[in-house]
2 protein chains.
Amino acid sequence: MASELKVVPLGGLGEFGMNMLALESGDDMILVDAGVLFPSTDDLGIDAIVPDLSYVLQHREKLRGLVLTHGHLDHIGGIPYLLEQVDVPIYGTAFTLGLVRKQLSEFSLLKPPHLSTIRAGQELQLGCFGVEGIHVTHSTLQCLALAISTPVGCVLHTGDFKVDQTPVDGRIFDFEAFAEYGKRGVVLLLADSTNADVPGFSDSERSVGGVLDGIFSTAESALFFTCFSSAIHRVQQVVDRAVAHRRKLAMVGRSLDTACHIAMNLGLLRIPAGTLVDQRVLESYPRRDRVTLIAGSQGEPRSSLTRAALGKHRWARIEEGDIVGFSAKMIPGNEKPILRVVDNLHRLGAKVLYGDVCPGLHVSGHPCREELKLILNLVRPKYFVPIHGEYRQLAQHRALAQEVRGDDLGKAFILENGSVLHLDEYGARVLPDRVPVGRRLIDSGTRSEVIRPSAVRERRRLAEFGVLVPVVTIDGDSGRDVEVEILDRGFAVSGGSQKLLKGAHAVIRDSVLTTSRRQLADVAFMEDKIRDDCRRYLARKTDRQSQPLILPILLES
Amino acid sequence: MASELKVVPLGGLGEFGMNMLALESGDDMILVDAGVLFPSTDDLGIDAIVPDLSYVLQHREKLRGLVLTHGHLDHIGGIPYLLEQVDVPIYGTAFTLGLVRKQLSEFSLLKPPHLSTIRAGQELQLGCFGVEGIHVTHSTLQCLALAISTPVGCVLHTGDFKVDQTPVDGRIFDFEAFAEYGKRGVVLLLADSTNADVPGFSDSERSVGGVLDGIFSTAESALFFTCFSSAIHRVQQVVDRAVAHRRKLAMVGRSLDTACHIAMNLGLLRIPAGTLVDQRVLESYPRRDRVTLIAGSQGEPRSSLTRAALGKHRWARIEEGDIVGFSAKMIPGNEKPILRVVDNLHRLGAKVLYGDVCPGLHVSGHPCREELKLILNLVRPKYFVPIHGEYRQLAQHRALAQEVRGDDLGKAFILENGSVLHLDEYGARVLPDRVPVGRRLIDSGTRSEVIRPSAVRERRRLAEFGVLVPVVTIDGDSGRDVEVEILDRGFAVSGGSQKLLKGAHAVIRDSVLTTSRRQLADVAFMEDKIRDDCRRYLARKTDRQSQPLILPILLES
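Residues numbered from 1 in each chain as written. Chains lettered and ligands numbered in written order. Predicted model: local features only at pLDDT ≥ 70, side-chain atom pairs only at ≥ 80, totals over all residues. Heavy atoms only, no water.

Participant: Mind showing me how you'd approach the overall build of chain A here?
Facilitator: Counting secondary structure elements, chain A contains 17 helices and 27 strands. Considered along the principal axes of its C-alpha atoms, chain A spans approximately 90 × 75 × 45 Å. Each of the 557 residues in chain A was classed as buried or not, and the buried ones make up 58%. A fraction of 72% describes how many contacts in chain A between residues 6 or more apart in sequence connect residues 24 or more apart. With an accessible surface of roughly 22,500 Å², chain A has 48% of that area assigned to carbon and sulfur atoms. (Helix = DSSP H or I, 4+ residues; strand = E, 2+ residues; numbered from the N terminus. Buried < 20%, exposed > 50% of the residue type's maximum accessible area, 1.4 Å probe, protein only. Contact = heavy atoms within 4.5 Å. Areas by Shrake-Rupley, 256 points an atom, 1.4 Å probe, with all protein chains shown as cover.)

This is the structure in structure tokens:
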């Protein structure tokens with residue numbers, strides 16, 4: 001059989017979150033990343049969303065490993081749900097695996113997971129695939145791009161990255177490796193598209209330090225900063241200023257504390273002895289000698305910062321004159337809860353640094369257009385697939401690749417989840433058939449269970465229009481003595497809808513009285529009839545297509 | 001009785017939307033604005049939110065008029081719901097009242113409304129209040145600040161404004177009037193806080209023209225622009241470029257068409273003959289000779305642009321190579337639907353100008369911090385109340401006023417909806433008691449009906465956990481022959497929750513079997529007991545406080 005490769009995105013294209021990519025060749029398959037997508041505020045009752053694994057399960061005997069690019073949840077948060085269904089060895093850097101271990105400890109797994117640490121520069125053989133991690137700069141620690149040697153040539157997957165020329169830890173983006181692979185020949189480049197619609201270069205992580213200097217130099221009361229828990233470079237910069245300005249530092253929030261301790265144990269976050277104290281101890285220092293790193297940058301309802309902003313946190317107390325800095329992106333969809341926290345902090349009299357009030361307090365961890373051009377020119381791939389973005393970013397990244405590489409680019413493809421890109425000696429093309437993909441919705445009740453998609457629709461209708469339960473009692477002898485009671489929740493919400501409910505009453509009585517004796521005995525038929533008549537009546541009266549859920553109950557007395 | 005004034009915000013403080021302010025003195029009361037608040041995507045089944053009017057109704061015999069500052073829906077959208085409850089004369093500029101008339105035509109009012117046109121510079125006597133409109137620049141036409149003479153002195157209400165030094169229509173912000181009132185003495189200034197957290201000056205509306213010039217000069221196919229329907233200055237700038245570049249122009253979308261025609265009839269929007277054509281006619285011109293203004297800048301599901309982006313609009317067809325420009329703010333909360341439209345436009349192959357891709361294509365209509373300082377120094381008020389903002393903007397605007405005016409400022413107050421600011425010869429203070437305020441939720445079923453707040457909670461729970469209807473049939477004679485059936489919607493959504501449902505079955509049987517004969521006869525008691533036992537069981541099993549709605553039905557056979 002001639003050599004061939006299939007590249008199949010299972011999640012993360014056309015959406016931000018649940019990144020997962022399969023590479024398949026002959027009898028071997030590997031996965032890159034296994035992320036989660038967080039539900040939006042109108043996805044009620046859903047804890048998390050992860051990719052459908054039908055395709056992986058179908059080829060489980062080929063599965064040689066899962067390679068992780070870095071430790072953000074949109075790249076590792078789906079691992080527990082993956083391991084529930086398939087046993088697969090997992091490879092990642094020490095910091096990434098530290099986060100994975102912590103996450104797995106909250107689930108009861110059937111088997112102990114197989115976790116193997118890899119480093120940038122190290123090669124790994126997984127079936128026919130040779131995988132080498134390449135160090136890239138990003139907003140968390142030990143992030144890898146992956147150079148994957150396959151039977152059809154080298155595939156380069158950037159993972160999430162930015163080109164930071166002055167990283168906080170001094171570890172420069174590995175331009176040499178990118179250039180070297182480019183020189184040797186890369187058949188396919190898959191690259192991060194998050195900021196493909198943002199012109200210019202991203203600011204260096206180090207530039208946040210300058211902004212912190214200004215804040216620390218002038219602050220006269222307690223300081224609070226919130227950031228993503230895995231943003232260890234950011235944490236290090238706050239720590240360094242705390243030391244310079246002789247403030248004691250506390251960490252509040254489990255996720256932050258966990259990530260920082262993993263980094264400290266690996267020697268990747270350095271806090272001099274005597275600086276880090278418990279929040280309860282911090283309270284005994286004068287306010288101007290305090291700084292608190294606190295979890296909750298996205299306004300999560302149960303986070304430490306959300307509670308502190310309501311004056312409800314036991315230890316973290318924010319008072320008039322304190323400064324609270326948001327050192328994180330507002331993830332689209334989270335603006336409202338975040339801004340509610342900002343409002344509450346103002347109510348406490350704090351000075352709040354967020355958005356336009358202090359724009360330099362956060363920088364993106366993803367590459368802007370000029371950085372994307374640089375990568376394209378370093379790697380000079382034959383084929384190109386933009387990844388990690390919604391459709392608009394993928395489209396703009398593809399156009400950028402065409403502009404930069406011109407006729408030297410064989411082709412750039414916009415794939416969607418489930419698309420199969422097929423590469424062989426004749427070139428690359430998208431196969432006509434897609435593999436099954438989809439979203440598994442994790443029930444917030446049972447945690448690990450998957451919700452039927454139809455249930456989501458049902459719940460949405462319940463939320464919009466409520467539910468009616470017509471209880472209809474028919475005298476079994478005459479069939480003419482009818483009692484109707486309608487229970488309702490979330491329907492008769494106003495004077496007008498109460499009138500509708502009365503009307504429905506009459507409609508149901510009529511519905512029963514105009515039915516023949518023979519049909520009356522058919523409970524299923526009658527329940528359908530009552531539901532239909534009721535629905536038609538409501539549709540006519542309200543002039544809308546959607547209606548409440550109607551659950552008729554028929555009884556014979 | 002000594003002179004006094006009460007200033008009572010009924011909506012719009014601590015929120016963006018449903019602006020309404022009452023001024024009351026002796027036997028007279030006037031209202032400034034009557035706006036609507038649009039529900040967010042998770043407020044299912046709600047059409048609109050307007051202020052509770054209890055306070056207005058309580059004092060209806062004092063009500064002398066409603067004065068409108070301008071025609072945006074957050075200032076006029078509540079009028080139909082106000083007129084349903086109280087008959088009040090309404091005053092506004094010609095353009096504002098044109099929009100009000102259009103809006104009222106969609107409701108069946110009991111009485112014809114009393115609408116009177118006012119102009120900037122004209123004085124109006126409403127009971128003891130003298131009201132003069134002052135021309136201000138903003139993102140729509142004929143906007144007024146209000147100088148209100150009251151028994152305790154002059155109150156200046158800025159309405160919504162920006163300080164545009166080069167307005168498109170050449171009508172400069174009336175600095176003179178502000179300065180003149182400042183000189184004569186203003187006891188209270190109420191000012192727009194929307195951008196109190198944005199440093200600097202807002203860009204002039206005219207700067208958008210420069211960006212449009214660039215787009216029109218280089219575009220080689222059809223052009224589409226979307227903006228707020230009342231943004232007539234924006235429309236005029238597109239029209240001017242269409243004329244200069246000899247493109248034909250069409251307007252698509254009812255709201256846009258309506259607002260533009262109101263402006264054209266008033267001579268406030270000028271389109272040379274031969275430029276404006278019907279969209280169906282536009283299609284007969286070469287693509288490079290076309291420009292379409294299309295409604296739907298907020299990704300509204302039924303808007304023209306949303307449908308066109310899906311290829312489903314009958315007349316507005318967008319093709320590869322066309323340019324679609326978003327010339328409007330993304331209102332917080334609308335990001336997701338807007339970006340979905342942007343994605344779909346990319347799928348059609350259009351070049352889309354939005355956000356960072358083309359930042360100059362929209363400018364804000366509200367004042368930034370330097371403009372706010374200018375107003376404070378022109379007006380030099382004794383007291384200050386920031387309005388039109390969430391708490392964070394109000395707090396920052398208050399701090400700004402204190403910084404600018406120093407000891408010359410008597411006091412700055414942050415009011416919340418329902419707060420009463422009392423002014424008399426001794427000064428200004430907030431009264432200890434608030435007046436009743438709240439939100440009236442307009443049912444999307446019956447359109448004009450108000451939803452009980454408890455119903456919203458019910459619907460939210462339905463959406464999160466679903467509903468269970470345990471139907472329990474008990475043999476009346478023995479009380480021991482129990483049949484249990486549980487209907488569910490949106491609950492048993494997964495394997496785990498189906499198991500829970502089975503468990504609940506057993507719990508309910510036990511609940512009945514362990515009850516005494518006497519209590520069994522008490523239907524209400526038994527239904528409560530079944531509900532409680534069921535809830536306790538689910539709480540124990542799922543380890544969460546909230547549970548599905550449970551509606552037990554008890555029957556005797």
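Participant: I tried to follow the pattern of salt bridges on my own but got confused; where do I start?
Facilitator: Side-chain pairs of opposite charge can arise whenever the charged atoms involved come near each other. The tally for this structure, following the rule as stated, stands at 40 salt bridges over all chains. R439 of chain B is paired through a salt bridge with E15 of chain B; the nearest N and O atoms lie 2.7 Å apart. Of this pair, R439 of chain B sits in strand β22 (residues 439–443) while E15 of chain B sits in the loop between β1 (4–11) and β2 (20–25), and the two are 424 residues apart along the sequence. Residue classification places R439 of chain B among the partly exposed positions, given a relative accessible area of 44%. Close ionic contact of E24 of chain B with K62 of chain B constitutes a salt bridge, the shortest N to O distance being 2.7 Å. A residue pair is termed long-range when its members are at least 10 positions apart, and E24 of chain B in strand β2 and K62 of chain B in the loop between α1 (54–58) and β5 (63–67) qualify at 38 residues. Each of R287, E319 and D322 of chain A takes part in one network of salt bridges that share partners. (Salt bridge = Lys/Arg side-chain N within 4 Å of Asp/Glu carboxyl O.)

Participant: Looking at this structure, I do not really get the sheet that holds strand β22 (residues 439–443) of chain A. What am I missing?
Facilitator: Paired through backbone hydrogen bonds, the strands of a sheet run either parallel or antiparallel to each other. All names here are of chain A. An order of β4-β22-β23 is seen for the three strands of this open sheet, with the pairing classed as antiparallel. Single-partner strands in this sheet number two, and they are β4 (46–51) and β23 (450–451). The pairing of β4 with β22 spans five bridges and is antiparallel. For I46, the partnering residue across the bridge sits in β22 and is D443. (Pairing = 2+ DSSP bridges.)

Participant: Help me understand the packing of aromatic side chains, please; the structure alone is not making it clear to me.
Facilitator: Any two aromatic rings considered together are summarised by their centre-to-centre distance and by the angle between their planes. A complete count under the given rule lists 12 aromatic pairs over all chains for this structure. Considering the side-chain rings of Y81 of chain B and F107 of chain B, the 5.5 Å spacing of their centres and the 85 degrees angle between planes classify their relative orientation as edge-to-face. Residue Y81 of chain B is located in helix α3 (residues 79–83), and its partner F107 of chain B is located in the loop between α4 (94–104) and β7 (115–117); the two are separated by 26 residues in the primary sequence. Through pairs of rings, three or more aromatic residues link up here, namely F161, F173, F175 and F178 of chain A. Positioned over the ring face of Y181 of chain A is R184 of chain A, at 4.8 Å from the centre of the ring. (Phe/Tyr/Trp six-rings, centres within 6.5 Å; stacked < 30°, edge-to-face > 60°. Lys NZ or Arg CZ within 6 Å of the ring centre and 35° of its normal.)

Participant: Just to check I follow, could you spell out the relation of the copies chain B and chain A for this structure?
Facilitator: Taken together, a rotation about one axis and a shift along it account for how the two chain copies relate. When chain B is fitted onto chain A, the two copies agree to an RMSD of 0.2 Å after a turn of 180 degrees and an axial shift of 0.1 Å. Read as a symmetry element, the transformation amounts to a two-fold axis. A shared interface surface links the copies, since 100% of the contact residues of chain B are contact residues in chain A too. (Least-squares fit on C-alpha atoms with pLDDT ≥ 70 in both.)

Participant: Sorry, what's going on with the packing of helix α11 (residues 335–347) of chain A against helix α13 (residues 391–405) of chain B here?
Facilitator: Two numbers describe a pair of packed helices, the interaxial angle and the distance between the axes. Running from amino to carboxyl end, α11 of chain A crosses α13 of chain B at an angle of 40 degrees, the nearest separation of the two axes being 8 Å. The orientation of α11 of chain A relative to α13 of chain B falls into the category oblique. Crossing of α11 of chain A against α13 of chain B: the hand is left-handed. In contact with L339, V342, D343, H346 and R347 of chain A of α11 of chain A, α13 of chain B contributes Y391, R392, A395 and Q396 of chain B. (Axes fitted to C-alpha atoms, helices over the stretch in contact; angles between N-to-C directions. Parallel < 35°, antiparallel > 145°, perpendicular 65-115°, else oblique. Left-handed = near helix turned anticlockwise from the far one by under 90°.)

Participant: What am I meant to see in α11 of chain A here?
Facilitator: Every α-helix carries 3.6 residues per turn, so stepping three or four residues along brings you back to the same face. Relative to the 18 Å expected for 13 residues at 1.5 Å per residue, α11 of chain A spans 18 Å between its end C-alpha atoms, a close match to the ideal helical length. Taken across its 13 residues, α11 of chain A has 10 buried, putting it largely inside the fold. The complete set of buried residues in α11 of chain A reads E335, P337, I338, L339, V341, V342, D343, N344, L345 and H346 of chain A. Against α10 (304–309), β16 (323–326) and β17 (351–353) of chain A together with α11 (335–347) and α13 of chain B lie the buried residues of α11 of chain A. (Expected span 1.5 Å × (residues − 1).)

Participant: When you look at the pairing of strand β13 (residues 223–226) of chain A in this model, what are you seeing that I'm missing?
Facilitator: All names here are of chain A. Neither face of β13 is left uncovered, since the one carrying L223 and F225 and the one carrying F224 and T226 both have all their residues buried. Where β13 meets strand β15 (residues 290–294), three bridges bridge the pair, whose relative direction is parallel. Bridge pairing in β15 links L223 to V291. Pairing between β13 and β16: four bridges, direction parallel. The partner of F224 across the bridge, within β16, is V324.

Participant: I would appreciate a short explanation of the interface of chain B and chain A in the present structure.
Facilitator: It is common to give the size of an interface as the accessible area lost on bringing the parts into contact. With 63 residues of chain B in contact, the opposing surface of chain A contributes 63 residues. Across the interface of chain B and chain A, roughly 5,500 Å² is buried in total on both sides, 59% from carbon and sulfur atoms. Here R392 of chain B ties to D343 of chain A by a salt bridge, and the two come within 2.9 Å at their closest N and O atoms. Taken together, the connections running from chain B to chain A amount to 11 residue pairs in polar contact (both at pLDDT 80 or more). (Buried area = accessible area lost by both parts, 1.4 Å probe. Polar contact = N/O pair within 3.5 Å; in protein donor to acceptor, adjacent residues only side chain to side chain.)

Participant: Help me understand the environment of P51 of chain A, please; the structure alone is not making it clear to me.
Facilitator: Along the chain, P51 of chain A turns up in strand β4. Considering only alpha carbons, one finds P51 of chain A and L441 of chain A, 390 residues apart in sequence, at a separation of 8.8 Å.

Participant: Looking at this structure, how should I read the packing of helix α6 (residues 206–218) of chain A against helix α7 (residues 232–244) of chain A?
Facilitator: All names here are of chain A. It is the contact of α6 with α7, at a shortest axis distance of 10 Å, that shows an interaxial angle of 35 degrees. Here α6 runs over α7; the crossing is right-handed. Here R206, V208, G209, G210, L212, D213 and F216 of α6 lie close against α7, whose contacting residues are R234, Q237, V238, R241 and A242. Classifying every residue of the contact of α6 with α7 by side-chain character gives five nonpolar, three polar and four charged. (Nonpolar A, V, L, I, M, F, W, Y, C, P; charged D, E, K, R; others polar.)

Participant: I would appreciate a short explanation of the sheet that holds strand β14 (residues 248–252) of chain B in the present structure.
Facilitator: All names here are of chain B. The strand order across the open sheet formed by five strands is β14-β15-β13-β16-β17, and the pairing between neighbours is parallel. Only two strands of the sheet have a single neighbouring strand rather than two, namely β14 and β17 (351–353). Across the sheet, the mean angle from the axis of one strand to that of its neighbour is 20 degrees, orientation sign disregarded. Bridge analysis of β14 against strand β15 (residues 290–294) gives five bridges, and the strand direction is parallel.

Participant: Whenever I open this one, helix α17 (residues 523–542) of chain B confuses me. Can you help?
Facilitator: With 20 residues, α17 of chain B should cover 28 Å at 1.5 Å per step; its first-to-last C-alpha distance of 28 Å lies within 8% of that length. Looking at α17 of chain B, one finds that the buried residues are M526, I530, R531, D533, C534, Y537, L538 and T542 of chain B. Buried residues of α17 of chain B fall within an arc of 165 degrees about the axis and therefore sit on the same side. In α17 of chain B, the exposed residues that point more than 90 degrees away from the buried face are A524, R536 and R540 of chain B. On its buried face, α17 of chain B sits against β25 (482–489) of chain A together with β24 (467–474), α15 (495–513), α16 (517–520), β26 (549–550) and β27 (553–556) of chain B. Capping the start of α17 of chain B, D522 of chain B holds a side-chain oxygen 3.4 Å from the backbone nitrogen of A524 of chain B, two or three residues further along. Once α17 of chain B ends, the next one or two residues include D543 of chain B, with phi positive near 60 degrees. (Arc of directions from axis to C-beta.)

Participant: Please clarify how the side chain of D33 of chain B should be interpreted in this entry.
Facilitator: Residues and elements named next belong to chain B. Tracing the backbone shows D33 in the loop between β3 (28–32) and β4 (46–51). Buried charge D33 goes without a salt bridge, the closest partner of opposite sign being R101 at 16 Å. A polar atom in the side chain of D33 sits 2.8 Å from the backbone nitrogen of T69. (Lys, Arg positive; Asp, Glu negative; His and termini not counted.)

Participant: Before we go on, may I ask you to explain the confidence of the model for chain A in this structure?
Facilitator: Any segment with low pLDDT has predicted coordinates that should not be analysed in fine detail. Per-residue confidence for chain A gives a mean pLDDT of 92, with 97% of residues at or over 70. Two summary scores accompany this predicted model of the complex, namely pTM at 0.87 and ipTM at 0.83. (pLDDT = per-residue confidence, 0-100.)

Participant: Would you mind showing me how to read the side chain of H138 of chain B here?
Facilitator: All names here are of chain B. Of note, H138 is situated in the loop between β9 (129–136) and β10 (143–150). Overall, H138 belongs to the buried group, its relative accessible area being 5%. Of the polar contacts made by the side chain of H138, one reaches the side chain of H72; its length is 3.3 Å. Once you skip the residues sitting within four places of it in the chain, H138 turns out to touch H70, H72, C143, D160, F161, K162, H233, G365 and H366.

Participant: Any chance you could explain the state of the cysteines here in plain terms?
Facilitator: Disulfides are covalent bonds that link the sulfur atoms of two cysteine residues. Under the counting rule described, the total for this entry stands at zero disulfides over all chains. Between C128 of chain A, a cysteine without a disulfide, and C154 of chain A, which holds the nearest cysteine sulfur, the sulfur-to-sulfur distance is 13 Å. (Disulfide = S-S within 2.5 Å.)

Participant: Please explain the environment of I375 of chain A as it appears in this structure.
Facilitator: Of note, I375 of chain A is situated in helix α12 (residues 369–379). Residues within four places of I375 of chain A in sequence aside, it is in contact with T158, F161, V163, F173, F178, L189 and R380 of chain A.

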